[in-house]
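Summary of structural features
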Amino acid sequence: MEAMDLRREELRSMHGAACRVKAAGLCWEELGCVNGADCRMKAVDLNRGGFRLGRNGAHVWGCWQGASHGFKQGSAGCVHGAVCSRGSLLFLRTTSKRAALRSLQGSVDFPAVEFEYGDTDSHGAELAELYSYTEEPELGTNRRCFEEEFCPQELDTAQQRAHVLRLLEGLEVVSRERRLRAARAILYLAQGVFGDCESEGDVLHWSRHNSFLLYQLGTFSAFLELLSMEIDNSQACSSALRKPAISLADSTELRVLLSVMYLLVENIRVELETDPPEWKSCRETFRTELSFPGRSDEPFALLLFTMVTKFCSGHAPHFPMKKVLLLLWKVLLFTLGGFEALQTMKVRRREELGLPPLPEDSIQVMRSMRAASPPACSIELAEQPQKRGHRSRRPLMKQDSLDIYNERDPFKNDEAGVDEEESDEVDGGIEGELDLMERDALLPAMPAQRPPIERVSFPKGLPWAPKVRQKDIEHFLEASRNKFIGFTLGQDTETLIGLPRPIHESVKTLKQHKYVSISDVQIKNEEELEKCPMSLGEEEVQETPCEVLYRAMLYNLPQYMIALLKILLAAAPTSKAKTDSINILADVLPEEMPITVLQSMKLGIDVNRHKEIIVKSISALLLLLLKHFKLNHIYQFEYVSQHLVFANCIPLILKFFNQNIMSYITAKNSISVLDYPHCTVHDLPELTAESLEAGDNNQFCWRNLFSCINLLRILNKLTKWKHSRTMMLVVFKSAPILKRALKVKQAMMQLYVLKLLKIQTKYLGRQWRKSNMKTMSAIYQKVRHRMNDDWAYGNDIDARPWDFQAEECTLRASIEAFNSRRYDKPQDSEFAPVDNCLQSVLGQRLELPEDFQYSYELWLEREVFSQPIRWEELLRYQ
């Protein structure tokens, strides 16, 4: 220990050199060293911006041999450590340098994630996420309620129908307890009568079979009426408000009803090739019933949105929000259609509008893309030292040794040039560079003649066809005419007189890649309708499920978006508990809190899993709404987008990603033996703290990676072609946060991160671009190109900061004009005929409020007696 104290003092007094302790790309504040001794050194004097060293090139490197890579951020274990100062090196005292090098390399390179993005996870996983582990005892309760009414035996279809009808009659009794028992028995049917099944496949099969049977006998309509009754149950709401802590027991009836409805929606929604014809017709009938209002004036999704806003307002804190959000997501997915259905609708809509077909299928392109792969060998880079600016004055040999490991990950060493302002906002371990010793371990092993190195095979061509907007061609011609002629011709893109030949060729190339979107056509039609409302007449609006939903949501849509973002904020892993935040754990906390360590661990896993499922459902349903509204009409999409932006959706998503995103994606907050339907057909093993901590064997958590991609797609949709919102990304210092997400080696996630980095590159300055050339190369390789977009170097910004507010205001005015013209027809009396007959006007019957008779005299005094009568104007109109 005395020797270590001497070395520590030597390190601190190295001529004032600022030393950075780095390993495995993480930030360090402490250094533990030499054979497990806990000798700590606070890195108080470390510089905060990039990798900076003193004049003498002193380095500190902590390394470990045989130790696990999952150490805590902020400290490094150094087993056979070495400290080098003023250019002298103390080499590793290990029996094998290569073993230590491989251990260090493994901690840097995250494996590629084999993930296929889709509408949902597997059918069994989606059903399992409906239940929390705290609800496991209720599965047995449902079975007992069913067996009290019916002895299990083989029945034909007619007998099954008769028994279901008898259970449905039990839902109409006055007694609340008897209604609940009947609902639990129906829930046991929808769960697949697992007591008579021998395998998980049997449970899922009978769950689907019984769901179709229950729907055909009117179960969904009966449960919809019960759900409306429970929502309006003021006694349950007031009881929950009086309780200091809400638990599962406060939402028993609601959870049973929502579980049955979710199972019906999910089982009927999933299509299989073996489905009989009557099931297919049943599916279409159910979709129509959910999409278009029948007896009520609102679709079923609107009732669920109302539950969300009522919960967030604090009037109904006992609502089981996870089940509500899951059901809402699946209803939207069922009625509006998933991503492949959306692509089909987009192709059909372009054909109807007479537009050329899409240049490629975006879903297939993204599925064929690969994540960023490392170069073939880092030895090549050792022979080509590159100086990276004037920040470091190290000798050349030491400089190029720093890049050996970093070349293994294309995004690893880009963060070295991040400004000090950015690194203040983000944890010091956003991006890192490894130090000197790998050079010393590799160079002695290099042979005199280098063996042939396997080259990386890059795909031929770029994955996306380039696109050009009409506006881009107009801007290009405007700039060319100003330069060569001295005047412009407005929006004329055909006249090229006076322009040199290369400009002709450029315009020809731009027009070859011109892309006209459905949104462009819709905006143009809207402008024409606004200019000529009388001559163009009424617009024919197709009655689609998306149109019906938007019309129903329109007047309360801001409240719906705010409520969803409130819940998303409460469920985000980076959020801190606050007294004024909403309680989203009401449907996961038991009545009696755990008393043992094992129970506490189980509840902790359940709570984390509960939050992850909420994030997954909100991100998926918001993305579905944005994509379908954009296809239906661009201003519907813009209306939702603006309210999401006004509700701080952009900083919320950035806050979500300001964490160790790799840890979030690989989190193991699940207990597979307790998942439905496994727990219903297998004997549960004895759970131990070790088994709970180990988790499952999956490489990643599907729902968390799905949520991350959805949130990135939402952020892309909110900021695309919006300079004001892009500046929000810059102001909130999103670049280092997004670059951390590039560590996840999944092609689709990397693509959307690179898109977000591309749109703000021109605002980040030359130094950022110079320091992040690998990220720039990845953007060029993976993101679609716009022909004359100067994203890579553009120092001249097209929009000035003072134009940003005007841009949003103009967009808002267009949205309000669209909503007023299409949806406010009764109130819009500008073109309505005027009744000039005094007798007919006075003879109209007006509905007066009930309390009008009490305030009639005040109204008469204010509106009649106190107003001067302008007799001249009155006589003029006689």
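Quick summary incoming for the structure in this document. Since this is a predicted model, take the numbers as computed values, not measurements.

**Details of the overall build of the protein**
Each helix and strand counted, the protein has 42 helices and 4 strands in total. Expressed as a percentage of the 878 residues in the protein, the buried residues total 50%. For the protein, restricting intrachain contacts to residue pairs at least 6 apart in sequence, the fraction spanning at least 24 positions comes to 80%. Of the roughly 44900 Å² of accessible surface on the protein, a fraction of 52% belongs to carbon and sulfur atoms.

**Considering the nonpolar core**
Residues F300, M553, M561, I567, F657 and M749 are the most contacted members of the largest nonpolar core, which totals 177 residues. Top contributing element to this core by residue count: helix α27 (residues 597-632), with 14 residues. Those residues in contact with I567, other than ones at most four positions away along the chain, are V308, F311, C312, M321, L325, I582, I584, I614 and I618. Within the second largest apolar cluster, 8 residues are counted, among which are V468, I473, I503 and V507.

**Quick notes on a nonpolar patch on the surface**
Taken together, the side chains of F484, I485, F487 and L489 present a nonpolar region at the surface, about 340 Å² in accessible area. As for its placement among the helices and strands, L489 is situated in the loop between α21 (470-484) and α22 (501-512). Classification of L489 as partly exposed rests on a relative accessible area of 36%.

**Description of the packing of aromatic side chains**
A complete count under the given rule lists 24 aromatic pairs for this structure. Geometrically, the ring pair formed by Y635 and F818 is tilted, given 5.9 Å between the ring centres and 45° between the ring planes. Of this pair, Y635 sits in helix α28 (residues 634-646) while F818 sits in helix α39 (residues 801-823), and the two are 183 residues apart along the sequence. Y635 sits in the buried class, given a relative accessible area of 8%. An aromatic cluster is built from F115, Y117, W329, F339, F700, W702 and F706, whose rings are joined through pairwise contacts. The ring of W329 carries K330 above its face, with NZ or CZ at 4.7 Å from the centroid. In this arrangement the basic side chain of R713 is found over the ring face of F339, its NZ or CZ atom lying 5.0 Å from the centre.

**Notes on the packing of helix α5 (residues 157-169) against helix α7 (residues 200-216)**
Where α5 contacts α7, the two axes come as close as 10 Å, and the packing angle between them is 65°. Like other packed secondary-structure pairs, α5 and α7 cross with a definite hand, here right-handed. Across the interface between the two elements, Q160, R161 and V164 of α5 pack against H209, L213, L214 and Q216 of α7. Looking at the contact of α5 with α7, its residues break down into 3 nonpolar, 3 polar and 1 charged.

**Looking at helix α36 (residues 747-764)**
The end-to-end C-alpha separation of α36 is 24 Å, in line with the 26 Å expected for 18 residues at 1.5 Å each. The largest bend along α36 measures about 35° and falls at K758. Within α36, 16 of the 18 residues are buried, which leaves it mostly tucked inside the rest of the structure. Capping the start of α36, Q746 holds a side-chain oxygen 3.0 Å from the backbone nitrogen of M748, two or three residues further along. Positive phi appears at G765, one or two residues downstream of α36, with a value of about 95°.

Conventions used here
- Residues numbered from 1 in each chain as written.
- Predicted model: local features only at pLDDT ≥ 70, side-chain atom pairs only at ≥ 80, totals over all residues.
- Heavy atoms only, no water.
- Helix = DSSP H or I, 4+ residues; strand = E, 2+ residues; numbered from the N terminus.
- Buried < 20%, exposed > 50% of the residue type's maximum accessible area, 1.4 Å probe, protein only.
- Contact = heavy atoms within 4.5 Å.
- Areas by Shrake-Rupley, 256 points an atom, 1.4 Å probe, with all protein chains shown as cover.
- Core = buried A, V, L, I, M, F, W, Y, C linked by side-chain atoms within 4.5 Å.
- Patch = residues over 30% accessible without salt bridge, like charges linked within 9 Å, V, L, I, M, F, W, Y side chains within 5 Å.
- Salt bridge = Lys/Arg side-chain N within 4 Å of Asp/Glu carboxyl O.
- Phe/Tyr/Trp six-rings, centres within 6.5 Å; stacked < 30°, edge-to-face > 60°.
- Lys NZ or Arg CZ within 6 Å of the ring centre and 35° of its normal.
- Axes fitted to C-alpha atoms, helices over the stretch in contact; angles between N-to-C directions.
- Left-handed = near helix turned anticlockwise from the far one by under 90°.
- Nonpolar A, V, L, I, M, F, W, Y, C, P; charged D, E, K, R; others polar.
- Expected span 1.5 Å × (residues − 1).
- Bend = angle between axes of the 7 residues up to and from the residue.
- Polar contact = N/O pair within 3.5 Å; in protein donor to acceptor, adjacent residues only side chain to side chain.

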